[in-house]
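Inside the fold
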Amino acid sequence: RVRSSAASDVYKRQVYGRQAYALVRELGKPDLVIRVLNILSYTTKALGQWEESASCAEEAWQLAAQQGNRIMEADCLARVADARINFGQPGEGVTAARAAYAISLDIEHTWSQVLSGYTLARGLVEIGSYEEALTIALQSTEAAHTLTFSVLLIVNLLTLGIVYQA
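My aim in this report is to walk through the structure given alongside it, one point at a time. (Residues numbered from 1 in each chain as written. Predicted model: local features only at pLDDT ≥ 70, side-chain atom pairs only at ≥ 80, totals over all residues. Heavy atoms only, no water.)

So, on to the packing of helix H6 (residues 110-126) against helix H7 (residues 130-144). Packed helices, taken two at a time, are described by the angle their axes make and the gap between the axes. Axis separation between H6 and H7 bottoms out at 8 Å; the angle between their running directions is 155°. It follows from the interaxial angle that H6 and H7 lie roughly antiparallel. Note that H6 runs across H7; the crossing there is left-handed. Residue-level contacts link Thr110, Gln113, Val114, Gly117, Tyr118, Leu120, Ala121, Leu124 and Val125 of H6 to Tyr130, Glu132, Ala133, Ile136, Ala137, Gln139, Ser140, Ala143 and Ala144 of H7. (Axes fitted to C-alpha atoms, helices over the stretch in contact; angles between N-to-C directions. Helix = DSSP H or I, 4+ residues; strand = E, 2+ residues; numbered from the N terminus. Parallel < 35°, antiparallel > 145°, perpendicular 65-115°, else oblique. Left-handed = near helix turned anticlockwise from the far one by under 90°. Contact = heavy atoms within 4.5 Å.)

Here it is, written out as structure tokens:
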């Protein structure tokens, strides 16, 4: 019962997200379009809709880059990377994750670094770059310790464990 209720909530969020997307597009508010597409990327990911997740994230990333919003650019690239890796395209995922990670370091944004770092490390394991994966996973986990959002620390610790096992 709980599982079906949670899935139902995610589907509802997807419906509402698409409605919000249509509205903000109509209003011509690119900053809101970026946010809605980013949320839709997370929502479609939760539903296992990797191609749609990547598509939403890629559109949001392009808009964020046009707007000069480097934080959202990094976040959206991390979403692209995650979707590509999960869809069986680790090479494309690693390329996007590297770009996200580089932006996060350039702008010195710890949250983005942690988010893109664990995604990059996962992708690097997928393509067999174990030493680099370990370096990134260690850096990302260390940075995650400085944040107050424990979920990111947990995800980074899990990723570090995956890297060690590989």
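Picking up where we left off.
Okay, the nonpolar core next. By size, the foremost hydrophobic cluster in this structure holds 28 residues, and its most contacted members are Leu120, Leu124, Ile136 and Val163. Of all the elements, H6 adds the most residues to this core, at seven residues. Discounting chain neighbours no more than four positions away, the residues touching isoleucine 136 are Tyr101, Gly117, Leu120, Ala121 and Leu124. Formed by twelve residues, the second largest nonpolar core is a distinct cluster that contains Cys56, Ala64, Met72 and Cys76. (Core = buried A, V, L, I, M, F, W, Y, C linked by side-chain atoms within 4.5 Å. Buried < 20%, exposed > 50% of the residue type's maximum accessible area, 1.4 Å probe, protein only.)

What follows covers the packing of helix H3 (residues 50-67) against helix H4 (residues 70-86). One can describe the packing of H3 onto H4 by two numbers: an axis separation of 8 Å at closest approach and a directional angle of 160°. It follows that H3 is roughly antiparallel to H4 by the angle criterion. Every pair of crossing elements has a handedness; the one defined by H3 and H4 is left-handed. In this structure, H3 contributes Trp50, Glu51, Ser53, Ala54, Ala57, Glu58, Ala60, Trp61, Ala64 and Ala65 to the contact, and H4 contributes Met72, Glu73, Cys76, Leu77, Arg79, Val80, Ala83, Arg84 and Asn86. Its residues placed into classes, the contact of H3 with H4 shows twelve nonpolar, two polar and five charged. (Nonpolar A, V, L, I, M, F, W, Y, C, P; charged D, E, K, R; others polar.)

Under the definition given, this model contains zero disulfides. The structure places no disulfide on cysteine 56, whose sulfur is separated from the nearest cysteine sulfur, that of cysteine 76, by 10 Å. (Disulfide = S-S within 2.5 Å.)

A separate point is the pattern of salt bridges. Summed over the entire model, instances satisfying the criterion amount to nine salt bridges. Close ionic contact of glutamate 58 with arginine 84 constitutes a salt bridge, the shortest N to O distance being 3.0 Å. Taken as a pair, glutamate 58 in helix H3 and arginine 84 in helix H4 lie far apart in primary sequence, 26 residues in all. Residue aspartate 82 pairs with arginine 79 through a salt bridge whose shortest N-O separation is 3.3 Å. In this pair, aspartate 82 and arginine 79 are both assigned in helix H4, three residues apart and thus about one turn of the helix distant. For the pair shown, aspartate 82 and arginine 79 are each scored as buried. One salt-bridge network, in which partners are shared between bridges, spans Lys45, Arg79, Asp82 and Arg122. (Salt bridge = Lys/Arg side-chain N within 4 Å of Asp/Glu carboxyl O.)

With that out of the way, let us pick up a nonpolar patch on the surface. On the surface, a cluster of nonpolar side chains totalling about 270 Å² of accessible area is made up of Trp111, Phe149 and Val151. Considering the arrangement of structural elements, one finds phenylalanine 149 in the loop between H7 and helix H8 (150-165). (Patch = residues over 30% accessible without salt bridge, like charges linked within 9 Å, V, L, I, M, F, W, Y side chains within 5 Å. Areas by Shrake-Rupley, 256 points an atom, 1.4 Å probe, with all protein chains shown as cover.)

Next up on the list: unusual backbone geometry. The phi angle of most residues is negative, glycine excepted, and most peptide bonds adopt the trans form. With a phi angle near 55°, glutamate 108 is a residue other than glycine that sits in the positive phi range. Relative to the helices and strands, glutamate 108 is located in the loop between helix H5 (90-106) and H6.

This part takes up H3. Along an α-helix, residues three or four apart share an orientation, since each turn contains 3.6 residues. Taking 1.5 Å per residue as the helical rise, H3 with its 18 residues ought to reach 26 Å, and the 25 Å between its terminal C-alpha atoms agrees with that figure. Along H3, the residues classified as buried are Ser53, Ala54, Cys56, Ala57, Ala60, Leu63 and Ala64. The first or second residue beyond H3 is glycine 68, which carries a positive phi of 75°. (Expected span 1.5 Å × (residues − 1).)

Interpretation in functional terms is not warranted from these geometric data alone.
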